[in-house]
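Fold and geometry: a report
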Amino acid sequence: MKTQFADFLNGKHVVIVGGGSGMGRATAELATSLGAKVTIASRNADKLNAVADGIELHVSVAAVDTTNEANVKSWAAGLGEVDHLVISASSAAHGAFTDLPTDDLRGMIEAKFIGPYVTAREVLPFLKKGGSVTFFSGVLSRRPSAGATGLAAVNAAVETLAKGLALELAGRVRVNCISPGMVDTEAYAGMPEEARTEMFAQVASGLPVGRVGDAGEIAQAAALAMTNTFMTGSILDVDGGHLVRG
Ligand SMILES: NC(=O)c1ccc[n+]([C@@H]2O[C@H](COP(=O)([O-])OP(=O)(O)OC[C@H]3O[C@@H](n4cnc5c(N)ncnc54)[C@H](OP(=O)(O)O)[C@@H]3O)[C@@H](O)[C@H]2O)c1
């Protein structure tokens, strides 16, 4: 796989928004190892610098908050030419339909849908023809669960955005979306360890692969979305079989 991707990513400028943790960081590590020049971005510059220091080859850092449009515009203008844009940045809000505060719902829509939308739009003028944009949704889009209906709907919106943009930007850049199942990342760092371990075990027991995902496995999908020139408007389900489980 390494040799297959390496030829395509070598020397390319890959910008990863959300590259400071989880799947974004794993994508930064993989792309860097394949010879890409990688820029990682998110809100916290200190966190980004610590991540960049830990990656063997050089990664540059550019802080941005995708929910601040003016910030996104000035950040995008400083990127230079970009080959591939990957947007894994988001935050999620869980809660039953009748309990989830509207402000939490709005915050999630800002972080998970509007932020990535604005980011892709502002980076577009700097994206080279033939490049790509990769969004992130999540398995709930097509397999909702009680207590996460808002998140499921936002995931579905992200997938539709990717498909629509694949048409709208045809001939210019390819646009795809990765839909991960449950993956062990910093997204769950706020949970007590025991509860997190129990949740992972419970989800794992229902999956054909018998475990939750590793961020590196999602990075492989991101590399595929960036490099496969016949792929646009695709949703890549990388979910351990979540969609087909009983
Ligand atoms: N992990 C899972 O089980 C799972 C399952 C299904 C779908 N997904 C989706 O997959 C994607 C990646 O998830 P992950 O687990 O890798 O996430 P993660 O580890 O929580 O990383 C998310 C990153 O986004 C950044 N971020 C959050 N809000 C931002 C904003 N407004 N502007 C800029 N950066 C922002 C965070 O850094 P700062 O705090 O420094 O800004 C962080 O680096 C997300 O879209 C997530 O919803 C995850």
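First things first, this report covers the structure right here in the doc. (Residues numbered from 1 in each chain as written. Predicted model: local features only at pLDDT ≥ 70, side-chain atom pairs only at ≥ 80, totals over all residues. Heavy atoms only, no water.)

Thoughts on the sheet that holds strand β4 (residues 82-87)
Strand order in this open sheet of seven strands is β3-β2-β1-β4-β5-β6-β7, and the pairing throughout is parallel. In this open sheet, the two strands that pair with only one neighbour each are β3 (59-61) and β7 (235-238). Between one strand axis and the next, the sheet turns through 20° on average, direction left out of account. For strand β2 (residues 37-41) and β3, the ladder comprises three bridges, and the chain directions are parallel. Residue pairing for β3: T39 is matched across the bridge by S60. (Pairing = 2+ DSSP bridges. Helix = DSSP H or I, 4+ residues; strand = E, 2+ residues; numbered from the N terminus. Axes fitted to C-alpha atoms, helices over the stretch in contact; angles between N-to-C directions.)

Notes on the site of the ligand
Neighbouring the ligand are 28 residues, the closest being M23, R43, K112, T185 and Y188. Contacts to the ligand include D65, whose side-chain N or O atom sits 2.9 Å from a nitrogen atom. Burial of the ligand by the protein chains amounts to 89% of its free accessible area of 890 Å². Considered class by class, the residues forming the shell around the ligand number nine nonpolar, 14 polar and five charged. (Near = heavy atom within 4 Å. Polar contact = N/O pair within 3.5 Å; in protein donor to acceptor, adjacent residues only side chain to side chain. Areas by Shrake-Rupley, 256 points an atom, 1.4 Å probe, with all protein chains shown as cover. Nonpolar A, V, L, I, M, F, W, Y, C, P; charged D, E, K, R; others polar.)

A short note on the pattern of salt bridges
In this structure the tally under the stated criterion is nine salt bridges. As a salt-bridge pair, E186 and R25 come within 2.8 Å of each other at their nearest N and O atoms. One end of the pair, E186, is in the loop between β6 (173-180) and α7 (193-205); the other, R25, is in helix α2 (residues 22-33), with 161 residues separating them in the sequence. A residue is classified by how much of its surface remains accessible, and E186, at 34% relative accessible area, is partly exposed. In this structure R25 comes out as partly exposed when scored by relative accessible area, which is 27%. The partner of K73 in a salt bridge is E122, and the shortest N-O contact between them spans 3.4 Å. (Salt bridge = Lys/Arg side-chain N within 4 Å of Asp/Glu carboxyl O. Buried < 20%, exposed > 50% of the residue type's maximum accessible area, 1.4 Å probe, protein only.)

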